[in-house]
Structure formats: C-alpha cells, structure tokens
Amino acid sequence: MSNKNLCPICGQGQLHGRVELEESEYKGKVQKTPLYFSECDSCGSETATAEQTRRNKRVMIAFKKQVDGLLTGAEVRAIRDKLGISQAEAADAFGGGPVAFSKYENDDVMQSEAMDKLLRLADSNPEILGFVSAVRGSWEDAEWGKGKHNRCNRDIGEPFVSLNNNAEFIEWELTNEC
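Let me sum up the structure you'll find in this document. (Residues numbered from 1 in each chain as written. Predicted model: local features only at pLDDT ≥ 70, side-chain atom pairs only at ≥ 80, totals over all residues. Heavy atoms only, no water.)

## Some details on the overall build of the chain
Looking only at helices and strands, the chain has 6 helices and 5 strands in total. Residue burial in the chain is summarised as follows: out of 178 residues, 34% are buried. Carbon and sulfur atoms make up 48% of the accessible area of the chain, which totals about 10,600 Å². (Helix = DSSP H or I, 4+ residues; strand = E, 2+ residues; numbered from the N terminus. Buried < 20%, exposed > 50% of the residue type's maximum accessible area, 1.4 Å probe, protein only. Areas by Shrake-Rupley, 256 points an atom, 1.4 Å probe, with all protein chains shown as cover.)

Written as structure tokens, this is what we have:
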C-alpha cells in the first residue's frame, strides 16, 4: 500500500482522485464547474490534495472572470504572446508585480478591471505597449528585432496614438523623446 495515497482520516484506505460537476454561483450566475477531490476506498472520506485545491481555485477564478467580463487566463497569455513579450516584461510594462502575469494566465488571481482594459487596449493597438513602457520608464533604448526604436518602442518619426487627460485620442510623431 502506497503511503502517498494513504487516507489521512482512517489511515487504512487508499485515496482515489475524483471529479464531479457542482453548481457554482457568483453574482447571481450559476454554472456547473468541475470539483476535484480524493475519496478513500475504505472509509469514504473526501479530501482534497494541495494540487486539487489549487485546481478548484483556478476553476472558480476562471468562472468569476467570465461573469465579470474579464479576460481569461488563456486570453491574457494570447495578448502577451501577440505583443511578443515575456511575463516579466509584461509586468514591467503594465505593472502588477514580478509574477502578476503568471498568476493572471494561470487563473490564480483576477486582474483588476483597469488592468483588463489596458490589456484589451494593447491587444487592439500594440503601440500602446511602447507608450505604457515609456510612462513607466522601462526598456529604454530597447531593440525589438525590427530595427532601432526609441524607448517608446516606435520608429523615430512614426505616428503614435495615445490618450490625453480627457481620454481623447491624440496623435503625434515621435522624436527622440516621448
């Protein structure tokens, strides 16, 4: 008998992984979500390992993101991949901390509504990455594989679109300064 799967309740039976669909409710929305747990073949006790607990948490966070209209972890990853940046570079540009994007992408935490909007904006207009990076003071003099760029990630003299303080789109040409 393997001690790894030994029931912590009765100490005699073996734990076997199970998955059941359970109704979950969030903000009045109900959905069947998988529930991961282990069941003892001797005493029938149900328990969850650390990994099963983590999976259950991720399922619930993904459900909450869906209800709140936030990007899923997979969508956050797709945007980051489209922008061609690592998780660390995304955190440096957009904020959220050094492991924020790992947590967003794995549905370990929900990104804020503001972060979600910023990611959607960068997805629809990748030039925003350069603007956000410049505002945060990151990646100065970066080379992006497309030739020389200034710290705003744009070719010198190329039009750049941003938002002014009134959330109106403005356009200008970049010089060596952003």
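Text resumes after the structure shown.
## Comments concerning a negative patch on the surface
A contiguous patch of negative charge on the surface is contributed by Glu 20, Glu 22, Glu 23, Glu 25 and Glu 46. Among the elements that line the negative patch, the one with the most residues is strand 1 (residues 15-26), at 4 residues. Mapped onto the fold, Glu 23 is located in strand 1. (Patch = residues over 30% accessible without salt bridge, like charges linked within 9 Å, V, L, I, M, F, W, Y side chains within 5 Å. Salt bridge = Lys/Arg side-chain N within 4 Å of Asp/Glu carboxyl O. Lys, Arg positive; Asp, Glu negative; His and termini not counted. Charge placed at Lys NZ, Arg CZ, Asp CG, Glu CD.)

## Focus on the pairing of strand 2 (residues 29-40)
Of the pairings in the sheet, the one linking strand 1 to strand 2 comprises 12 bridges and is antiparallel in character. Residue pairing across strands places Val 19 opposite Tyr 36, the latter belonging to strand 2. Counting the residues in the hairpin turn of strand 1 and strand 2 gives 2 residues, including Lys 27, whose phi is positive at 50°. Pairing analysis gives 2 bridges linking strand 2 to strand 3 (residues 46-47), with the strands arranged antiparallel. Bridging across to strand 3, Glu 39 finds its partner in Glu 46. Here strand 2 folds back onto strand 3, and the loop between the two strands holds 5 residues, one of which, Gly 44, carries a positive phi near 80°. (Pairing = 2+ DSSP bridges.)

## A closer look at the environment of Gln 52
In this structure, Gln 52 sits in helix 1 (residues 50-68). Its relative accessible area of 11% is what places Gln 52 among the buried residues. Sequence separation between Gln 52 and Ser 38 is 14 residues, and the spatial gap between their C-alpha atoms is 8.3 Å.

## Quick word on helix 5 (residues 113-124)
Helical geometry note: an α-helix holds 3.6 residues per turn, so side chains three or four residues apart project in the same direction. Over its 12 residues, helix 5 extends 17 Å from the first C-alpha to the last, a length consistent with the 16 Å expected when each residue adds 1.5 Å. The set of residues buried in helix 5 consists of Met 115, Asp 116, Leu 119 and Ala 122. The buried residues of helix 5 occupy an angular sector of 125° when the element is viewed end-on, so they sit on one face. Exposed positions of helix 5 whose direction lies more than 90 degrees from the buried face are Glu 113, Ala 114, Lys 117 and Ser 124. (Expected span 1.5 Å × (residues − 1). Arc of directions from axis to C-beta.)

## Observations concerning the packing of aromatic side chains
One pass over the structure, following the stated rule, counts 2 aromatic pairs. Geometrically, the ring pair formed by Phe 94 and Phe 101 is tilted, given 6.1 Å between the ring centres and 40° between the ring planes. Overall, the relative accessible area of 8% leaves Phe 94 in the buried class. Considering the side-chain rings of Phe 101 and Tyr 104, the 5.2 Å spacing of their centres and the 70° angle between planes classify their relative orientation as edge-to-face. Note that Phe 101 and Tyr 104 are positioned in helix 4 (residues 100-105) at a spacing of 3 residues, about one turn of the helix. When its relative accessible area of 1% is taken as the criterion, Phe 101 is described as buried. An aromatic cluster is built from Phe 94, Phe 101 and Tyr 104, whose rings are joined through pairwise contacts. Note that Arg 55 overlies the ring of Tyr 36, its terminal NZ or CZ placed 3.9 Å from the centroid. (Phe/Tyr/Trp six-rings, centres within 6.5 Å; stacked < 30°, edge-to-face > 60°. Lys NZ or Arg CZ within 6 Å of the ring centre and 35° of its normal.)

## Here's the deal with the pattern of salt bridges
Evaluated as defined, the whole model comprises 11 salt bridges. Arg 18 is the partner of Glu 39 in a salt bridge, and the nearest nitrogen-oxygen pair spans 3.2 Å. One end of the pair, Glu 39, is in strand 2; the other, Arg 18, is in strand 1, and 21 residues separate them in sequence. Within this structure, Arg 77, Arg 80, Asp 81 and Glu 105 form a network of salt bridges that share partners.

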